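# Topology and contacts: notes
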Amino acid sequence: MPASTPAVPEVEKLLSARFGVPVAIATVEHQQPWAVLRAILADPAPGLPASVVVKWLREHPNDVRTDPRQVSTEQAALEFLAELGFGLVPSLLASDLAARVLVLEDLAPRVPLPEPLLRDGMKSTLGGLTAFARALGELCAVTAGHEKRYVGRRAVFGPAERLVDRWESLGPVWKETGPLLASLGFGVPLAAERDLALVRTTLAEPAPFLAFTNGDPEPNNFLVHEGAEPSGRIIDFEFAGYVHALFNAAWIHVPGPAWITVADPAEYDLEDAFRLALCAAVPEAADDRLFGLGMSAACVARAVRRLNRFRLLDSRAPGDNSRVQMVATLESAADIAEHHRCLPDLRGWVRDVAGMLRRRWPDADVDFASMPAYTPRG
């Protein structure tokens, strides 16, 4: 195990303090490739769990996910959700912020949703995907209107970034990507710029759709029981905070980092599961215009931010699936904006850019209709 792995005696000390009795750990299992251990307790007394999960701040040569604030954010998020009675997350058992360690409820035998999805396919895993969409809608519904409460709890641990400030933008290198596309004849037209401004405003001023997110709402962060009634738990709150609620649903229509394709909205209406749960506390979500604009803005912003990788992808060898994924991302975002009859000029520009990439990268000029839902990027 890596040198940064928490020492077993320190974890035993945290658990002993939490439960008020001596706790001994028999074995630990490093859950590669994550900075996560499963600790099996030795002869746990009544009232003690058989195992726990220990999570620590990872070390990464490229400085990815290494900010100590991530540990504080996850602790604040799980405590906040426990106060609200939201049970679809792991319980926080103990923490040592100085050591950057959290001890969490072990959710085994649940597994990440992509495991059965990749093994069994979309149709066999529809129950799990629907449960994920519903759980995220419930998360938004439970937390809507409680931003000040969360901000107060998070402030105990020091300053944190406001996610609404991050997600309304098009990424830190858009000022380079935009001119680069313009040099290829695909600058953003004035009418599309107006739509882009609407996207920014919609995401930056989300009320009444302001709601909580774990910061990375993707299927890999939903643990499900296999072979049981579809249910699951949302994990990984390192980047939690308040954003437009529809940020939590963009994964339904626009491929995340792991996928080339996602579910066909005409065949698998995961959006309805999310929307119905959200409407329980956000009645504005029943308004087709408001909901459609929010969904379109979240999806198109996700795709345009991904377009910031253009220079990197353009430098890769033909046949790299990340190029195919980029085209799929843009076209799926344009499709959902068209479905909701929103952002006509911006979605047209997005389609034009996707067409340019198909011509520039012949290896990415593929028929996505021939690919099954949730084809992995590989």
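To keep things clear, this report deals only with the structure shown in the data block. Here the structure is a predicted model, which is why all the values come from computation and not from measurement.

Here is what the cut-offs are and how they apply
Residues numbered from 1 in each chain as written. Predicted model: local features only at pLDDT ≥ 70, side-chain atom pairs only at ≥ 80, totals over all residues. Heavy atoms only, no water. Helix = DSSP H or I, 4+ residues; strand = E, 2+ residues; numbered from the N terminus. Rg over C-alpha atoms; globule rule 2.2 N^0.38 Å. Buried < 20%, exposed > 50% of the residue type's maximum accessible area, 1.4 Å probe, protein only. Contact = heavy atoms within 4.5 Å. Areas by Shrake-Rupley, 256 points an atom, 1.4 Å probe, with all protein chains shown as cover. Lys, Arg positive; Asp, Glu negative; His and termini not counted. Charge placed at Lys NZ, Arg CZ, Asp CG, Glu CD. Pairing = 2+ DSSP bridges. Phe/Tyr/Trp six-rings, centres within 6.5 Å; stacked < 30°, edge-to-face > 60°. Lys NZ or Arg CZ within 6 Å of the ring centre and 35° of its normal. Core = buried A, V, L, I, M, F, W, Y, C linked by side-chain atoms within 4.5 Å. Axes fitted to C-alpha atoms, helices over the stretch in contact; angles between N-to-C directions. Salt bridge = Lys/Arg side-chain N within 4 Å of Asp/Glu carboxyl O.

### Details of the overall build of the chain
The helix and strand tally for the chain stands at 13 helices and 10 strands. For 378 residues, the compact-globule estimate of 2.2 N^0.38 gives 21 Å, and the C-alpha radius of gyration of the chain, at 22 Å, lies within 12% of that figure. Taken along its principal axes, the extent of the C-alpha atoms in the chain is 70 × 45 × 40 Å. Going through the 378 residues of the chain one by one, you find that 51% of them count as buried. Counting contacts in the chain only where the partners sit at least 6 residues apart, residues at least 24 apart contribute 72% of the total. Total accessible area on the chain stands at roughly 16,800 Å², and carbon and sulfur atoms take up 54% of it. Taking the average place of the 38 positive charges on the side chains of the chain and the average place of its 48 negative ones, the gap between the two points comes to 3 Å.

### Looking at the pairing of strand β2 (residues 36-41)
Of all six residues that make up β2, five are buried, and the element is covered over most of its length. Note: strand β1 (residues 25-30) against β2, five bridges, orientation antiparallel. Within the sheet, the bridge partner assigned to Ile25 lies in β2 and is Leu41. Here β1 folds back onto β2, and the loop between the two strands holds five residues. Alignment of β2 against strand β3 (residues 51-56), held across five bridges, turns out to be antiparallel. Considered in β3, the bridge of Val36 is made with Lys55.

### A short note on the pairing of β3
On a regular strand, each side chain points to the face opposite its neighbour's, so the side chains alternate between the two faces of the sheet. For β3, a buried count of six out of six residues is recorded, marking the element as mostly surrounded by other parts of the structure. Neither face of β3 is exposed, since Ser51, Val53 and Lys55 on one face and Val52, Val54 and Trp56 on the opposite face are all buried. One ladder, built from five bridges, connects β3 with strand β5 (residues 101-105); its direction is antiparallel. Note that in β5 the partner of Trp56 across the bridge is Val101.

### Re the packing of aromatic side chains
Given two aromatic rings, one states the distance between the centres and the angle between the planes to describe the pair. A full pass over the atoms with the stated rule returns 12 aromatic pairs. Relative to Tyr374, the ring of Trp259 lies with its centre 5.1 Å away and its plane at 90°, an arrangement referred to as edge-to-face. Of this pair, Trp259 sits in the loop between β10 (241-244) and α9 (270-279) while Tyr374 sits in the segment after α13 (344-360), and the two are 115 residues apart along the sequence. Given a relative accessible area of 3%, Trp259 falls into the buried group. The exposure class assigned to Tyr374 is buried, which follows from its relative accessible area of 4%. Members of the aromatic cluster, joined through ring pairs, are Phe80, Tyr150, Phe212, Phe237 and Tyr242. The ring centre of Phe19 lies 4.8 Å from the NZ or CZ of Arg18, which sits over that ring.

### Observations regarding the nonpolar core
By size, the foremost hydrophobic cluster in this structure holds 100 residues, and its most contacted members are Phe212, Leu246, Trp349, Leu357 and Tyr374. The biggest single contributor to this core is helix α10 (residues 288-306), with 10 residues. Those residues within four positions of Phe212 in sequence are excluded, and the remaining contacts are Ala77, Phe80, Leu81, Leu139, Cys140, Thr143, Tyr150, Phe237, Ala240, Gly241, Tyr242 and Asn248.

### Remarks on the sheet that holds β3
To summarise the sheet geometry, strands pair through backbone hydrogen bonds and adopt either a parallel or an antiparallel arrangement. Taken in spatial order, the five strands line up as β1-β2-β3-β5-β4 in an open sheet, and their pairing is antiparallel. The open sheet has two free edges, formed respectively by β1 and β4 (92-96), since each of these has just one partner strand. Direction aside, neighbouring strands of the sheet carry axes that sit 25° apart on average. Relative to the sheet, helix α2 (residues 69-83) contacts β3, β4 and β5, its axis offset from that of β5 by approximately 35°.

### Observations concerning the side chain of Ser72
Along the chain, the position of Ser72 falls in helix α2. Residue Ser72 is classed as buried on the basis of its relative accessible area of 10%. Those residues in contact with Ser72 that lie beyond four places of it in its chain are Leu97, Arg154 and Phe157.

### Here's the deal with the pattern of salt bridges
Under the criterion given, the structure shown has 18 salt bridges. With its nearest N and O atoms 2.5 Å apart, the salt bridge here joins Arg302 to Glu218. Pair noted here: Arg302 is in helix α10 and Glu218 is in the loop between β7 (210-213) and β8 (222-224), with a separation of 84 residues, a long-range link. A relative accessible area of 11% places Arg302 in the buried class. Classification of Glu218 by relative accessible area gives buried; the value is 6%. As a salt-bridge pair, Arg323 and Asp363 come within 3.3 Å of each other at their nearest N and O atoms. Of this pair, Arg323 sits in helix α12 (residues 321-339) while Asp363 sits in the segment after α13; the two residues are 40 residues apart in sequence, bridging distant segments of the chain.

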